[in-house]
Amino acid sequence: MARAIVDTTAGTVRGTIEAGVRRFRGVPYAAAPVGDRRFAAPAPAEPWEGVRDAVDPGPNAPHRVKAFPGLDVTPLIGSGWVQGDDYLSANIWTPEANGGGRPVMVWIHGGGFVIGSKDVSISDGAAFARAGLVCFAINYRMGIDGFLPIPGVPTNLGLRDMIAALQWVRANAAAFGGDPRNITVFGESAGAMAIADLIASPLAKGLFRRAIIQSGHAGMTREIPVMQRLVKKLAKLLRVTPDRAGFASVAPGDALDAVEQISAPTARIDLRDSRGHEPMFGLSRFVPVHGDDVLPLQPLEALRRGAGSDVEVLIGTNAEEMNLFLVPSGVRDKIGGLLATFLLSRSQPGARRVLKAYGLGKHGVKPGQALTDAMNDLVFRWPARRFAEEHQGRTHMYEFDWRSPAFKGELGSCHAVELPFVFDTLATATGAQGLVGEAPPQQLADRMHRLWVDFARDGNLPWSPFDREKRLVYSISDGLARSEPKTTIAIRNDKE
């Protein structure tokens, strides 16, 4: 197999050349977060002598994944923790042909801030390299190590890792043939939420020119005092003091049981704010905080004041996001009205009123369907539109509305289903238990992938920006932009 050599700021790396693409795997962008560095801000990668092989993805951040009934999610979230120290690392895909000044894309994976990695097959960046771009994908600290505001520990370590990675990309982009002045950061779910936060962060200013936010927005952060409840709860579960010394005494792998326990829907912990809202709607206990140097303001408020106005944004959601969480589990079809109301009330004031607006109590509308439709809007669609309204820079909005035939067509336009279309990796998610079913449309992948490539290249998109009046939303499936009235979303999150 042919080899490729690149000199980075920390040393020389040797990757592979496969099917016209140079691949470099597991290249450190920061020092290993172990020992005294475990709960410290990211430090520069340790330099090395000679040539370092970059052919193995290497370790990832400590986490544990669970299976979805009837659905193969390994291409989406991987198979779990690969142990090792140097997991603050990046994968890079570049065209085989020599050249420079290419557009750069940086992928930040999702997973509720507790699972996932840069190495999953569904987000392989080779197709972007074949299109003439340089694509990076990064790991970052998650869970307790990345998103728990432990007293004595810098807050938002996961976001700080991403900022360090973007600084490293800017410093090394030219070595891999990229243009450090033309960087687009893109991500999905928690990765997209993080990007929305970075747009609002003064510490990330100038690190990227464009951003693509897939099923994310700026609404999922918590106040530090609210998250201190989680600190104390986890410390109690782990039987340690609720401070740096206490959590440092527990090995990362030994903390995963507690993370799993606190993440269960039945866990008794109230993370609502003073107005009764829980911004994550129970999808994750771990989330960035605002009120520090990374996010001095809640990100939506920062956008109102002009933060990130120099960043061009493409933001969108899928038409049936919550189906991924509520269809395979059977919740959508089995839950009753009282339980649906109780579950929503843990995150949203006036839950009964909200569910009635989505058909609860009407003939033919199951309580679980009303809950699913309400959460589609409350958790994803409406907050994304709020981001588009408040962002002072150029903002385009899309909706991914192709419906997966999985689960007899009931999976539909669920959360994450757009990923194999974005990366042109349909084969990884195709099959009897695949996310996109047996025969997904390659033509749609060609269209969506090209949109992402063109936007990263020069910001070009075939429809006009979103504004409060015209509210143009581009349908990925039919390639048309339509004006969406505000009444499309029946209940707004009145927190904003």
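Just so it is clear, the model here is predicted, and its values are computed rather than measured.

Attention shifts here to the overall build of the protein chain. Within the protein chain, the secondary structure is distributed over 16 helices and 15 strands. For 496 residues, the compact-globule estimate of 2.2 N^0.38 gives 23 Å, and the C-alpha radius of gyration of the protein chain, at 22 Å, lies within 12% of that figure. Split into buried and exposed, the 496 residues of the protein chain put 60% on the buried side. Across the protein chain, the fraction of contacts at a sequence separation of at least 24, relative to all contacts at a separation of at least 6, is 75%. As presented, the protein chain carries roughly 18,600 Å² of accessible surface, and 51% of it is formed by carbon and sulfur atoms. Mean positive and mean negative side-chain charge positions of the protein chain (57 and 53 charges, respectively) differ by 5 Å.

Okay, the packing of aromatic side chains next. Within the structure shown, the criterion is met by 15 aromatic pairs. Considering the side-chain rings of Phe136 and Trp168, the 6.1 Å spacing of their centres and the 85 degrees angle between planes classify their relative orientation as edge-to-face. With Phe136 in strand 7 (residues 134-138) and Trp168 in helix 4 (residues 157-172), this residue pair connects regions lying 32 residues apart in the sequence. For the pair Phe136 and Trp168, a shared accessibility class is recorded, and that class is buried. One aromatic cluster is present, formed by Phe24, Phe136, Trp168 and Phe176 through successive ring pairs.

Right, let's talk about unusual backbone geometry for a bit. In the Ramachandran plot, Arg239 falls in the positive-phi region, its phi being about 60 degrees despite a non-glycine side chain. Mapped onto the elements of the fold, Arg239 is located in the loop between helix 6 (224-238) and helix 7 (244-248). Owing to a relative accessible area of 79%, Arg239 belongs among the exposed residues under this scheme. Phi angles above zero are rare outside glycine, and Lys408 is one such case at about 55 degrees. Summarising the element assignment, Lys408 is placed in the loop between strand 13 (395-400) and helix 15 (419-422). Given a relative accessible area of 84%, Lys408 falls into the exposed group.

Here the focus is the layout of surface pockets. Taken as a whole, the second largest pocket holds about 240 Å³ of empty space. Surrounding the second largest pocket, 16 residues form its lining, Pro33, Val34, Gly35, Arg38 and Pro252 being those nearest its centre. For the lining of the second largest pocket, the element with the highest residue contribution is helix 7, accounting for three residues. Tallied by class, the residues present in the lining of the second largest pocket amount to nine nonpolar, two polar and five charged.

Interaxial distance between helix 12 (residues 337-345) and helix 14 (residues 367-390) falls to 8 Å at its minimum, and their mutual angle equals 20 degrees. Classified by the angle between their axes, helix 12 and helix 14 sit roughly parallel to one another. Note that helix 12 runs across helix 14; the crossing there is right-handed. Of helix 14, the residues touching helix 12 (which contributes Gly337, Ala340 and Leu344) are Pro367, Leu371, Met375 and Leu378. Classifying every residue of the contact of helix 12 with helix 14 by side-chain character gives six nonpolar, one polar and no charged.

Another aspect to go through is the packing of helix 6 against helix 8 (residues 256-263). Running from N to C, helix 6 and helix 8 point in directions that differ by 125 degrees, and their axes come no closer than 10 Å. Judged on the interaxial angle alone, helix 8 and helix 6 are oblique. The chirality of how helix 6 crosses helix 8 is right-handed. Between helix 6, through Leu230, Lys233, Leu234, Leu237 and Leu238, and helix 8, the contact on the second element is made entirely by Ala258, Val259, Gln261 and Ile262. Across the contact of helix 6 with helix 8, the residue classes tally to seven nonpolar, one polar and one charged.

Burial of strand 9 (residues 210-214) is extensive: five of the five residues sit out of reach of the surface. Neither face of strand 9 is open: one carries Arg210, Ile212 and Gln214, the other Ala211 and Ile213, and all of them are buried.

Cut-offs applied
- Residues numbered from 1 in each chain as written.
- Predicted model: local features only at pLDDT ≥ 70, side-chain atom pairs only at ≥ 80, totals over all residues.
- Heavy atoms only, no water.
- Helix = DSSP H or I, 4+ residues; strand = E, 2+ residues; numbered from the N terminus.
- Rg over C-alpha atoms; globule rule 2.2 N^0.38 Å.
- Buried < 20%, exposed > 50% of the residue type's maximum accessible area, 1.4 Å probe, protein only.
- Contact = heavy atoms within 4.5 Å.
- Areas by Shrake-Rupley, 256 points an atom, 1.4 Å probe, with all protein chains shown as cover.
- Lys, Arg positive; Asp, Glu negative; His and termini not counted.
- Charge placed at Lys NZ, Arg CZ, Asp CG, Glu CD.
- Phe/Tyr/Trp six-rings, centres within 6.5 Å; stacked < 30°, edge-to-face > 60°.
- 1 Å grid on protein atoms, 1.4 Å probe; cavity = no way out; pocket = protein on both sides within 12 Å on 5 of 7 lines; lining within 4 Å.
- Points joined across faces, edges and corners; volume = space filled by probe spheres on them.
- Nonpolar A, V, L, I, M, F, W, Y, C, P; charged D, E, K, R; others polar.
- Axes fitted to C-alpha atoms, helices over the stretch in contact; angles between N-to-C directions.
- Parallel < 35°, antiparallel > 145°, perpendicular 65-115°, else oblique.
- Left-handed = near helix turned anticlockwise from the far one by under 90°.

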